[in-house]
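# Secondary and tertiary structure notes
Letter by letter, the chains look like this.
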Amino acid sequence: MLGQFFGMKTLPIVASLILVVLKPYPAASADLPQWGRFEVAFTNAKAYADPYRDVSLDATFTRPDGRTVRFWGFYDGGQVWRLRFRPDLPGTWRYEAVFSDGTAAGSGRFTCAKGNLPGPIAVHPANPVWFGRRDGDAVLIRGFHVGDRFFAANWGDAARAAFLDWVQAQGYNTLSCASHYLNRDAKGRGRGWDTPRLWPLNAGEFARLEAMLDELVRRDLIVYPFAGFFGRQSNFPQEPADQLLYIRYAYARLGAYPNLLLNVAGPEPLLRESPYLQREQVNRLGAAIQAINVFAKPLSVHNRTGHDEFRDEPWLTYGTLQGPKTVNRAWMGRQLLASHHAEKPLLAQETLWSGNTYHIRAIGRDYSDDDLRKNAFVIHFSAAALVFADNAGDSSSGFTGSLDPKDARTNRHDAVKRAWDLCAALPFGHLKPRPDLVQGAHAHCLALPGCEYLVYLERSEPVSVNIEGGPYRVTWHDTRRPYPRHDGGLTSDAKNLTPPPGGDDWVLQLTRPRTQVIRERDGRVSLKPRTAKATASGRFCPKVLALRRLTPSAAARCISTCPRRVVTPSRSPTAARTLPWTRCS
C-alpha cells in the first residue's frame with residue numbers, strides 16, 4: 001500500500017492523511033492517482049455513549065473544477081474516525097470535516113494526478129447496455145459464483161490465495177460471493193463459517209472484510225455480493241432507522257472500493273414459496289441506497305426466476321436475472337432481451353450453472369461442454385454478463401462450495417472460457433443487440449448499423465443480415481481453438497451468407513472497408529474521404545464508424561481496446577488527439 005502522511009493542525013483532534021493505492025503500481029509520489037483512495041483519520045477524545053449513533057463525521061470535498069461533494073466518515077473504534085473518498089478528477093482537492101455535534105475535525109488538501117489505475121466498475125458511459133469502467137472502456141464480465149466460505153476467517157489464507165490464483169489463471173475477473181455482506185445462517189450455506197459480522201455495527205468486523213477486499217482490489221477482481229445488504233437468512237436490521245444507519249455506515253467504508261457492485265438483497269427476496277421482503281420494501285431500500293450513492297456504483301437486486309420485476313425502477317442501474325435455464329438458445333435470447341433495459345447492463349447470475357439441481361431439472365440433464373460454449377455465446381450476444389458456477393447439487397455445492405481447485409471440472413470452465421476468449425478478441429463495446437437484423441432462430445446479432453455487425457450462429461447454416469450501406473468485408477470466426485479466421489470476401493447485401501465447410505457454430509463479422517478518415521476539429525468528429533496523404537501518414541480508421549450519431553466524447557470512449565491508434569488531425573499539431581479504436585482485422 002502506497003502512503004503519504006501529513007500532520008494537521010486542529011483543536012482536540014489529531015488527523016493523519018493516507019493516500020491509498022491498492023494495486024502494485026510504480027513508485028509512490030506525493031500525488032494520489034486518479035481513482036486512487038484518499039483516507040484521513042481523526043482522533044477524537046470526546047466520549048460518546050454510542051459513537052455509531054450519537055455523532056457523525058460530515059465532510060465537504062471541493063473538486064478542482066470548484067464543484068462540491070458532500071460525504072461522511074465512519075467510526076473505526078477507540079477514539080478514531082475515518083474519512084474515505086475516491087477522487088475522479090485530476091487537480092487539487094480540498095476538504096473540510098466537522099462532527100455533527102460541532103466538535104472540530106479538520107481540513108486539508110491533496111493533489112490528484114492522472115495515473116494508470118483503471119476506473120471503477122460502472123455502467124459503460126458510452127453504451128449503457130454493457131458494464132464498463134468509469135474511464136470509458138467496456139468490460140467483458142467473466143464471473144464465477146463462489147460459496148459462503150470465501151470471506152470466512154476459518155477458511156485458511158493459503159487456501160484462499162490458491163483459489164484466487166486459480167481464478168486468475170482461468171481468466172475470471174468477477175466473483176459472485178455468497179454470505180456477503182452478512183452470513184446466510186443456514187445448514188449447508190453460511191452456518192459454521194466465521195464470516196464478518198457487520199450487524200450490529202462493529203468496526204473490527206468491517207476491517208476483517210476490508211482486508212480481504214483489499215486483496216481482491218490488488219488482483220483487479222470485481223465483486224458481486226450475492227446476498228447484498230439484506231441477505232436471506234441473515235441478521236440484517238429490521239427497523240427502518242437501523243437499516244438506514246447500516247446502509248450509511250457500510251457505504252462510508254466500502255463506497256470508495258473501485259471493484260464493488262451493489263446489491264440490495266438476495267437471493268430472491270420475493271421468492272414465491274418463501275419471500276422475506278415485500279416489493280415495497282425492496283423499492284424503499286433500493287431508493288435509500290441510491291440516495292447516498294455518491295460514487296454512482298451500479299445497484300441491483302437479485303431476482304427470482306423469470307422476468308426482472310425491478311427493471312424499470314429508477315433506483316436500479318443494472319438488472320440481475322436468474323434464468324432462463326435452458327438449452328433452447330433462441331428462447332434464451334428472447335427471454336434475456338425481454339428483461340434487458342435499453343439503458344442498463346444485465347447480469348445473468350443464475351443462467352448457466354453446470355451441475356446445479358435446478359438447471360438439471362429444467363432441461364432434463366446436465367449441460368454438455370458444447371451447451372456451455374453455445375449458451376455463453378448467446379448470453380454475450382444478448383449483451384448480458386455471465387456468472388458461471390460449477391455445482392454438484394445446490395448453489396453452495398461442488399467446486400463452487402469447496403473452492404478447492406482439485407474439485408474443479410476443468411473441461412466445463414474451459415468450455416465457457418473458449419467463448420469468452422473469442423468474445424474478448426472481437427469489438428463489442430459500441431454494439432447493441434439487434435435480433436431484428438438477422439433471419440433464423442440460430443442467429444444472434446450485435447450491431448452498430450452502418451458500421452459493424454457481429455452475428456453468432458449456433459449452427460453451421462446460412463444467414464441473412466439486414467445491413468445499411470455497403471459493401472462489407474465478411475470474416476468468419478471458428479469458435480474452436482485456436483479460433484481460425486476465414487476471409488469471406490465482400491458483400492453488398494449480406495444475403496444467404498454461408499459459413500465455411502466444417503465446424504459447428506460460428507461468429508460472422510461484417511465490417512466496412514477502410515475507405516474513410518476520422519477527423520476531429522473543434523470538438524466535432526466527422527468522416528472524410530481518405531486521401532493519399534492520409535494513407536501515407538497512417539491517419540485513417542481501420543473501420544468506418546457511424547460517428548455522426550455520437551457525441552465526440554462518446555465516440556472517443558465507445559470502442560474497446562485496440563492494438564492500433566488513430567491520430568486525428570485538427571487545425572494545429574498540438575491539438576491532435578489519439579483516440580482508441582476497435583481491433584483491426
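These remarks concern the structure in this document. (Residues numbered from 1 in each chain as written. Predicted model: local features only at pLDDT ≥ 70, side-chain atom pairs only at ≥ 80, totals over all residues. Heavy atoms only, no water.)

### Here we look at the packing of helix α5 (residues 329-338) against helix α7 (residues 369-381)
The angle between the axes and the distance between the axes are what describe a pair of packed helices. Axis separation between α5 and α7 bottoms out at 10 Å; the angle between their running directions is 30°. Our classification of the angle between α5 and α7 gives roughly parallel. Our pair here, α5 against α7, has a crossing hand that is right-handed. Together, Arg329, Met332, Gly333 and Leu336 of α5 and Asp371, Lys374, Asn375, Val378 and Ile379 of α7 make up the contact between the two elements. Residues belonging to the contact of α5 with α7 are distributed by class as follows: four nonpolar, two polar and three charged. (Axes fitted to C-alpha atoms, helices over the stretch in contact; angles between N-to-C directions. Helix = DSSP H or I, 4+ residues; strand = E, 2+ residues; numbered from the N terminus. Parallel < 35°, antiparallel > 145°, perpendicular 65-115°, else oblique. Left-handed = near helix turned anticlockwise from the far one by under 90°. Contact = heavy atoms within 4.5 Å. Nonpolar A, V, L, I, M, F, W, Y, C, P; charged D, E, K, R; others polar.)

### As for the sheet that holds strand β27 (residues 485-491)
Spatial ordering of the open sheet is given by β23-β24-β25-β28-β26-β27, a layout of six strands whose pairing is antiparallel. Edge positions in the sheet fall to β23 (432-433) and β27, since each has one partner strand and no second. The sheet contact formed by strand β25 (residues 452-457) and strand β28 (residues 506-511) spans six bridges and is antiparallel. Residue pairing across strands places Glu452 opposite Thr511, the latter belonging to β28. Relative to β25, α7 is tilted by about 150°, and along the sheet it contacts β23, β24 (443-448), β25 and β28. (Pairing = 2+ DSSP bridges.)

### Observations concerning the sheet that holds strand β14 (residues 174-177)
Spatially, six strands are ordered β15-β14-β13-β22-β21-β20 in an open sheet, and the strand pairing comes out parallel. The open sheet terminates on both sides in strands that have one partner only, identified here as β15 (222-225) and β20 (319-321). Within the sheet, the average angular offset between the axes of one strand and its neighbour, ignoring direction, is 25°. In terms of strand pairing, strand β13 (residues 142-146) meets β14 through four bridges, oriented parallel. Looking at the pairing, Val146 lines up with Cys177 of β14.

### So, helix α1 (residues 157-169)
Look at α1: 18 Å from first C-alpha to last across 13 residues, which is about the 18 Å you get at 1.5 Å a residue. Taken as a whole, α1 has its buried residues at Arg160, Phe163, Leu164, Trp166 and Val167. Projected down its long axis, α1 shows its buried positions confined to an angular sector of 155°, all on one face. Exposed and oriented more than 90 degrees from the buried face of α1 are Asp157, Ala158 and Ala169. Here the buried face of α1 lies against β13, β14, α2 (203-218), α8 (398-402) and α9 (410-425). A positive backbone phi angle near 95° is found at Gly171, which sits one or two residues after α1. (Expected span 1.5 Å × (residues − 1). Buried < 20%, exposed > 50% of the residue type's maximum accessible area, 1.4 Å probe, protein only. Arc of directions from axis to C-beta.)

### A closer look at the environment of Val80
As for its position among the elements, Val80 is in strand β8 (residues 80-85). As a C-alpha pair, Val80 and Ala41 span 39 residues in sequence and 6.6 Å in three-dimensional space.

### Observations concerning the packing of aromatic side chains
In this structure the tally under the stated criterion is 47 aromatic pairs. Where Trp476 meets Trp506, the ring centres are 6.4 Å apart and the plane angle is 85°; that geometry is what we call edge-to-face. On the criterion of sequence distance, the pair formed by Trp476 in strand β26 (residues 472-478) and Trp506 in strand β28 is long-range, its members being 30 residues apart. By the burial criterion, Trp476 is buried, and Trp506 matches it. Through pairs of rings, three or more aromatic residues link up here, namely Phe38, Phe61, Phe71, Trp72, Phe85, Trp93, Tyr95, Phe110, Tyr251 and Phe295. Here Arg160 stacks its cationic end above the ring of Phe150, 5.9 Å away from the centre of that ring. Between Arg512 and the ring centre of Tyr472, over which it is positioned, the NZ or CZ distance is 5.4 Å. (Phe/Tyr/Trp six-rings, centres within 6.5 Å; stacked < 30°, edge-to-face > 60°. Lys NZ or Arg CZ within 6 Å of the ring centre and 35° of its normal.)

### As for the pairing of strand β6 (residues 68-72)
Pairing between strand β5 (residues 57-62) and β6: five bridges, direction antiparallel. Residue pairing in the sheet places Thr60 in a bridge with Arg70 of β6. In textbook terms, the turn of a hairpin is the stretch between consecutive antiparallel strands, and for β5 and β6 this stretch comprises five residues, one of which, Gly66, has a positive phi near 95°.

### Here we look at the environment of Val264
Relative to the helices and strands, Val264 resides in the loop between β17 (262-263) and β18 (265-266). Classification of Val264 as buried rests on a relative accessible area of 0%. Spatially, the C-alpha atoms of Val264 and Ala288 are 9.9 Å apart, while their sequence positions differ by 24 residues. When residues no more than four places from it in sequence are discounted, the contact partners of Val264 are Gly228, Phe229, Phe230, Val282, Leu285, Gly286, Ile289, Leu299, Ser300, Val301 and Trp315.

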